[in-house]
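Fold and contact review
One letter stands for each residue in the lines below.
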Amino acid sequence: MSLATETIVSLRKRLLSKEITSADIVRDLAQAIEKKNPTIGAYLSVDTEAALKEAACADVSQPLGGIPIAIKDNINVLGQPCTCGSKMLAENYTSPYNAGSINRLREGGAIPMGRANMDEFAMGSSTENSALGVTRNPWDHERIPGGSSGGSAAAVGGDLAIAALGSDTGGSIRQPAAYCGCVGLKPTYGSVSRYGLVAFASSLDQIGPITKTVEDAALVLNHLCGKDQRDSTSLDISVPDFTASIGQEIKGLRIGLPKEYFIAGIHAGISAAVHQAVKQLESLGAIIEEISLPHTDVGIATYYILAPAEASANLSRFDGVRYGHRAENPVDVLDLYMKSRAEGFGPEVKRRILLGTYVLSSGYYDAYYIKAQRARTLIRQDFTEAFKKVDIILSPTSPVPPFKLGEHQDDPLAHYLADTFTIPPNLAGLPALSVPCGFVNEGGKDLPVGLQFVGKALDEATLLRVGHAYEQSTEWHLRKP
Amino acid sequence: MSQPTLDIHKIARLSRLALTEEEATRFESQLGKVLEYMSALEHHDLSAVEPTQHAMPIYDVWREDESRSGFTAEEALANAPRQSSGQFLMPRVVEE
């Protein structure tokens, strides 16, 4: 059996007993990638030689010693490409530095291996917006892997990676993890350094792990969190050992079901899987309560004003001068900007820049941007109130199973509406975890369903505890495509 | 806000994006629908609510006023599409 199919925890045992070496893992991954990536398209590039070099001097006594981790292509790793799935950065950009999260991973002994495909600049939830390649769902090659971290999730779900890093602005870790049968964790805003993550919406972006088990997610999270002086929003707090809560029971834990989430529009199979999961959690001793998040109806509108507004400012750095695509023969500097950006950015990025510019423009700023910031306050308050009653909030990760490739290409709003459950935790800065909770059958193919747990700020420990307890009481995470 | 008007050419100029006519028509229609959806915000009275900029209220983050090393000129220029004499090259911005 290829080592590519294993978890971090199982590989750690075999590394420590000297049964295998880090180079064995890298070689098995390279083989799996060679075999499957032409179909799945999870990776845009993989530098096996560089990974083997690192594997040769790996210190396996480190907590992640010698474990290769796939990296979403918007996180800078010194000397590697960082295309963000865009023509803008595909031609000639080489990262001149390591992201803060990569420094932390390396301190834990991990080896960044491979650049995972993504929606261009993380804008999208299908990975179809990548300008550089198609990524397919490992469970059904005709379907999307989700997104924007679709490459990361397809790599882990399809056993082309042991674990991966993604980034999550409105669900971009959790939704693809759900669609590909993986575990995905978006940490509390400020927990993980954003330094070296190419910014999309700075007040919402967070880096987090996509893994095969909850315990693996805890292990990676241990080596992602921590204060970074280079990210002014990173929190200066001590990082607990997240694996400590793994294996603890959940008797008496109060779990809230938001009544606004369980309404029409949820796919029947997903609804059934989630209700079965609720029963399972009850049998483990959790207390289920109905709660209310009364401003759920404004989540998407709020997000699709704030995120594009921030994106339009963040992406102004791509001007064809310092890095990225540059148009030929501009007549003047304005022409250089306009043409370089027109040629470098794809349609969804253009749409969001236009939308963001509009909501920030004179005459519309108060009507859209400020109003959305006010709505954001209400959404945060909803969670604050709910967490007075419960410890964890539960929902489906996505209301619908993965679309067929190309199904909604000309209808951006249809894609936006699928983010209903994943967006609010980003707006409130809360940690959220997606765990496999069953399958729905569509067209003869079993497609994974994800269960989302949302926790209190900085309470990843409880999220991981309940996620692990649920996961270990089921066999969903053991199924392979 | 209930009847959004979007001058796509003006917004494209502000966005520094050259659009083809086909793109302008398509984006105007797609963004019109998105803006119509934004009227969901009208369902709540938001006038008395304080705006939230960041999920974690952290303000005035300073570092020690000490010199730190950054990129060398060579490193900073390594990804530049055009460079000359250790500088980024771009069209003239000052009138003769």
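Of the regular secondary structure elements, chain B holds three helices and two strands. In chain B, the succession of α and β elements from N to C terminus is α-α-α-β-β. Relative to the globule expectation of 12 Å for 96 residues, the C-alpha radius of gyration of chain B, 23 Å, shows a markedly less compact shape. Reported as C-alpha extents along the three principal axes, the dimensions of chain B are approximately 55 × 45 × 25 Å. Surface exposure of chain B reaches about 7000 Å², of which carbon and sulfur atoms provide 47%.

Turning to the overall build of chain A, a few remarks are in order. Counting its regular elements, chain A contains 16 helices and 11 strands. Against the 2.2 N^0.38 benchmark of 23 Å for 481 residues, chain A shows a C-alpha radius of gyration of 21 Å, consistent with a compact globule. Each principal axis of the C-alpha atoms in chain A carries an extent, and together these give about 70 × 55 × 50 Å. Split into buried and exposed, the 481 residues of chain A put 66% on the buried side. Here the analysis covers contacts within chain A between residues at least 6 apart in sequence; of these, 76% occur between residues at least 24 apart. In the structure as shown, chain A presents an accessible area of about 15500 Å², 51% of it carried by carbon and sulfur atoms. Counting 45 positive and 53 negative side-chain charges, chain A places the averaged centre of each group 2 Å from the other.

Residues and elements named next belong to chain A. With respect to the helices, strands and loops of the structure, Ser434 is situated in strand β10 (residues 432–442). Among the polar contacts listed, one links the side chain of Ser434 to the side chain of Thr397, at a separation of 2.8 Å. Discounting residues that sit within four places of it in the chain, Ser434 has contacts with Arg174, Ala178, Cys182, Val183, Gly184, Thr397, Gly450, Leu451 and Gln452.

A separate point is the nonpolar core. A:Phe121, A:Leu165, A:Phe383 and A:Phe453 are the most contacted members of the largest nonpolar core, which totals 157 residues. Not counting chain neighbours up to four residues away, the residues in contact with A:Phe453 comprise A:Leu281, A:Ile392, A:Ile393, A:Leu394, A:Pro431, A:Ala432, A:Leu433, A:Val435, A:Leu463, A:Val466, A:Gly467 and A:Tyr470.

It is worth spelling out the sheet that holds strand β5 (residues 183–186) of chain A at this point. Residues and elements named next belong to chain A. In spatial order, the strands read β1-β3-β2-β4-β6-β5-β10-β11-β9-β7-β8; together these 11 strands make up an open sheet with mixed pairing. Every interior strand has two partners, whereas the edge strands, β1 (43–45) and β8 (287–291), have only one. The average undirected angle you get between the axes of adjacent strands in this sheet is 35°. Taken together, the two bridges between strand β2 (residues 68–72) and strand β4 (residues 164–168) define a ladder with parallel strand orientation. Bridge pairing in β4 places Ile71 opposite Leu165.

The next thing to look at is the environment of B:Ala76. All names here are of chain B. Topologically, Ala76 is positioned in helix α3 (residues 73–77). By relative accessible area, Ala76 is classed as partly exposed at 34%. When the C-alpha positions of Ala76 and Gln53 are compared, they lie 32 Å apart, and in sequence the two are 23 residues distant. Setting aside anything within four residues of it in sequence, one finds Ala76 in contact with Phe71 and Phe88.

For the rest of this paragraph, the subject is the pattern of salt bridges. All names here are of chain A. Considering all chains together, one arrives at 25 salt bridges over all chains under this definition. The residue Glu6 makes a salt bridge to Arg14 at a minimum N-O spacing of 2.3 Å. Residue classification places Glu6 among the buried residues on the basis of a relative accessible area of 13%. Salt-bridge contacts for Glu385 lead to Lys388; the nearest nitrogen and oxygen are separated by 2.9 Å. We classify Glu385 as partly exposed; its relative accessible area is 45%. Classification of Lys388 by relative accessible area gives exposed; the value is 58%. Each of the salt bridges in this network shares a partner with another, and the network as a whole consists of Glu6, Arg14 and Glu19.

Attention shifts here to the interface of chain B and chain A. Each partner contributes to the interface: chain B provides 51 residues, whereas chain A provides 70 residues. Counting across the chain B and chain A interface gives three salt bridges. Taking the shortest distance from any N to any O, the salt bridge between B:Arg82 and A:Glu328 comes out at 3.1 Å. On the surface where chain B and chain A come into contact, there are 19 residue pairs in polar contact (both at pLDDT 80 or more). Considering each element in turn, the side of chain B that touches chain A owes the most residues, nine residues, to helix α2 (residues 21–37) of chain B. Residue composition of the side of chain B that touches chain A, grouped by class: 33 nonpolar, 10 polar and eight charged.

The phi angle of most residues is negative, glycine excepted, and most peptide bonds adopt the trans form. Residues and elements named next belong to chain A. Gly147 connects to Ser148 through a cis peptide bond whose omega is 10°. Tracing the backbone shows Ser148 in the loop between β3 (111–116) and α6 (150–157). For Cys84, which is not glycine, the phi dihedral falls at a positive 55°. One non-glycine residue, Asn329, lies in the positive phi region at around 50°.

Residue and element names in this part refer to chain A. The full count for this structure, using the stated rule, is 17 aromatic pairs over all chains. Their ring planes at 25° and their centres at 6.4 Å tell us that Phe383 and Phe387 sit as a pair that is stacked. In this structure, Phe383 and Phe387 share a single accessibility class: buried. Grouping aromatic residues by their ring pairs yields a cluster made of Tyr93, Phe121, Phe318, Tyr323 and Phe345. Taking NZ or CZ as reference, Arg479 lies 3.9 Å from the ring centre of Phe439, over its face.

This paragraph deals with the pairing of strand β6 (residues 206–211) of chain A. All names here are of chain A. Of all six residues making up β6, six are buried, and the element is well covered by its neighbours. Relative to β6, β4 runs antiparallel, the two being bridged by five bridges. When the sheet's bridge partners are listed, Leu165 is paired in β6 with Pro209. Judged from the two bridges that link them, β5 and β6 form a sheet pairing that is antiparallel. Paired with Val183 across the bridge in β6 is Thr211.

Model confidence for chain B is summarised by a mean pLDDT of 90, while 96% of its residues fall at 70 or above. Taken over the whole predicted complex, pTM reads 0.97, whereas the ipTM for its chain interfaces reads 0.94.

Parameters and conventions
Residues numbered from 1 in each chain as written. Chains lettered and ligands numbered in written order. Predicted model: local features only at pLDDT ≥ 70, side-chain atom pairs only at ≥ 80, totals over all residues. Heavy atoms only, no water. Helix = DSSP H or I, 4+ residues; strand = E, 2+ residues; numbered from the N terminus. Rg over C-alpha atoms; globule rule 2.2 N^0.38 Å. Areas by Shrake-Rupley, 256 points an atom, 1.4 Å probe, with all protein chains shown as cover. Buried < 20%, exposed > 50% of the residue type's maximum accessible area, 1.4 Å probe, protein only. Contact = heavy atoms within 4.5 Å. Lys, Arg positive; Asp, Glu negative; His and termini not counted. Charge placed at Lys NZ, Arg CZ, Asp CG, Glu CD. Polar contact = N/O pair within 3.5 Å; in protein donor to acceptor, adjacent residues only side chain to side chain. Core = buried A, V, L, I, M, F, W, Y, C linked by side-chain atoms within 4.5 Å. Pairing = 2+ DSSP bridges. Axes fitted to C-alpha atoms, helices over the stretch in contact; angles between N-to-C directions. Salt bridge = Lys/Arg side-chain N within 4 Å of Asp/Glu carboxyl O. Nonpolar A, V, L, I, M, F, W, Y, C, P; charged D, E, K, R; others polar. Phe/Tyr/Trp six-rings, centres within 6.5 Å; stacked < 30°, edge-to-face > 60°. Lys NZ or Arg CZ within 6 Å of the ring centre and 35° of its normal. pLDDT = per-residue confidence, 0-100.

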